[in-house]
Structure formats: structure tokens, C-alpha cells
Amino acid sequence: MKIIMLGAPGAGKGTQAKMIASKYGIPHISTGDIFRANIKNGTELGAKAKQYMDKGELVPDELVVDLIMDRFKEDDAKNGYVLDGFPRTIPQAEALDKALSAAGEDIDFAINVEVPDENIINRMSGRRACVGCGATYHIKYNAPKVEGICDTCGKELILRDDDKPETVKNRLEVYHNQTQPLIDYYEKKGKLKEVDGTVDMNDVFNAIVDILGA
Ligand code: ADP
Ligand code: AMP
């Protein structure tokens, strides 16, 4: 099964993608996570990506497309994947289509998690990410057992630099200009499914399972 998660930054794509990955036994591939791992490991790619990420801009398509194509070659991606944060532009979607159709494949669903802009700042200012394993929490809606500490690995939880309100505003603008057109793109391909992302995360997941099949 090949699934794309669409939606604004902070809509809950990563939260749902992790639940999908675990239920359906497919890898959760997040380009944002891959870039953050590269930044943490001090790679050249990480240094390049950081310049854009810190401003809330998109990393240039050519860097992202090469990276994701390499990731698809890994063994665990043979039976599908759930993509979170990719594609984010029309050229990225076209590159994905081209690569899949060359292999006689296609995506199964593009799931748009709908959350209005008014809720996004609140979602992102409350998001906390683990510096160790990358797990994501929310101080109100999905709080860790001990404040500031990851339930899974015990490391520190931080507010991502790009989740600060001034950067979130730009990320939302970038989303509306460059990523939202993908909703139309996948609708025209007959792949689009929409879910209400404002409800409790377990109810969002139930709606997704209704689409994907139990
Ligand atoms: P994205 O991957 O789309 O950027 P995340 O999955 O990281 O978004 O979610 C953003 C923040 O909102 C996180 O702190 C997460 O815990 C919280 N969150 C996710 N889904 C919901 C939901 N349905 N209701 C309330 N908070 C949510
Ligand atoms: P995310 O973790 O998905 O919120 O992504 C964090 C940041 O990484 C984004 O604001 C972009 O700067 C960058 N990024 C992640 N995925 C992509 C992508 N597909 N195209 C361009 N930039 C991306």
C-alpha cells in the first residue's frame, strides 16, 4: 500500500502516519525527519537543508527528490510506505508519478488531513519533539507522562525552532502557495480522500482506517 499524507504543517500528518505504519506494517517516510537526522549528524545535506528549514521555506525540489528516490530503494519500502511531508510541490508530485509509473506502479491514496489555519498555531506551539528518537507530543492533546521527557526513550523534549509562531506563519503561507495545489492534483487523479483533522487523534485514525480498510 502506498499512501501520501497531505495537510498543513501541524495538521497531524506525522501522528497519523506513525499509526498507519504500525497498523499496516509499512515504513513511515518523513522527509522532514530525514532532514532533521542529517542536521543532527552534521552532514552536508543537513547543512544545506537547515538554511531553508530555519526560515520556514521549502528545501529545493532537486535535493528532496534525490533523497526520496534513494529512500525508496531500501528493502523495507518494497511493499509500500506512508509518505509524510512529501510531495510538497507539483514538481515533486510529478517526479514521484514518473518514478512510480516507470516501475508500473501508482500510489493508492492521498489522504488530506483538514485543519483550519486558526488551529495550526496552537497545534505547533504545543508540539514537543524528542531530541533522541524524534517522537512527537503535544503539551495539551498528547502530553508525555513526565513533562519534558520522552515516554519512549527518556530523552529531552524540545520545541522545534521552526515551530515558533513567527516561522509557523511563513510555513503556512508557503503551504498555501506551494503545497495546497496538490489537493487538486490528487483529486484529478482520483486518489484524494479527505478526513477531518480537528477531532481527537484516535477518531482521525478511525476515519483513515475506514478509507484504507481494516
Ligand atoms: P504534522 O506532521 O502534520 O506537522 P504532527 O503530527 O506533528 O503534524 O502534529 C502537530 C501537533 O498536533 C503535535 O503536537 C501533535 O501531538 C498534535 N496533534 C496531532 N493530531 C492531533 C489531533 N487530532 N488533535 C489534537 N492535537 C493533535
Ligand atoms: P516537516 O517535518 O514535514 O514539517 O518539515 C520540516 C521542514 O523540512 C519544512 O518546513 C521544509 O523546510 C523541509 N521539508 C520537508 N519535506 C520537504 C519537501 N518535501 N520539500 C521541501 N522541503 C521539505
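What you see is a predicted model, and the numbers here were worked out from it, not measured in a lab.

Structural notes on the sheet that holds strand S4 (residues 109-114)
- Taken in spatial order, the five strands make up an open sheet running S2-S3-S1-S4-S8, and their pairing is parallel. Each end of this open sheet is capped by a strand with a single partner; those strands are strand S2 (28-30) and strand S8 (192-196). When the angles between neighbouring strand axes are averaged without regard to direction, this sheet yields 25°.
- In this structure, S4 lies alongside S8, joined through five bridges in parallel fashion. Looking across to S8, one finds that Ile-111 is bridged to Lys-193.
- Taken strand by strand, helix H9 (residues 201-212) contacts strand S1 (2-6), S4 and S8, and its axis lies near 155° from that of S8.

Side note on helix H3 (residues 44-53)
- Buried within H3 we find Gly-46, Ala-49 and Met-53. For H3, the angular spread of buried residues about the axis comes to 70°, placing them on one side.
- In this structure, the buried side of H3 is in contact with helix H2 (31-40) and helix H7 (165-179).

Some details on the site of ligand 2
- By nearness alone, 16 residues border ligand 2, and Thr-31, Arg-36, Glu-57, Gly-85 and Arg-171 come closest of all.
- Residue Thr-31 places a side-chain N or O atom 2.7 Å away from a nitrogen atom belonging to ligand 2.
- Interatomic distance of 2.9 Å between a side-chain N/O atom of Arg-36 and an oxygen atom of ligand 2.
- Its free accessible area being 480 Å², ligand 2 has 96% of it covered by the protein chains.

Rules behind the numbers
- Residues numbered from 1 in each chain as written.
- Chains lettered and ligands numbered in written order.
- Predicted model: local features only at pLDDT ≥ 70, side-chain atom pairs only at ≥ 80, totals over all residues.
- Heavy atoms only, no water.
- Pairing = 2+ DSSP bridges.
- Helix = DSSP H or I, 4+ residues; strand = E, 2+ residues; numbered from the N terminus.
- Axes fitted to C-alpha atoms, helices over the stretch in contact; angles between N-to-C directions.
- Contact = heavy atoms within 4.5 Å.
- Buried < 20%, exposed > 50% of the residue type's maximum accessible area, 1.4 Å probe, protein only.
- Arc of directions from axis to C-beta.
- Near = heavy atom within 4 Å.
- Polar contact = N/O pair within 3.5 Å; in protein donor to acceptor, adjacent residues only side chain to side chain.
- Areas by Shrake-Rupley, 256 points an atom, 1.4 Å probe, with all protein chains shown as cover.

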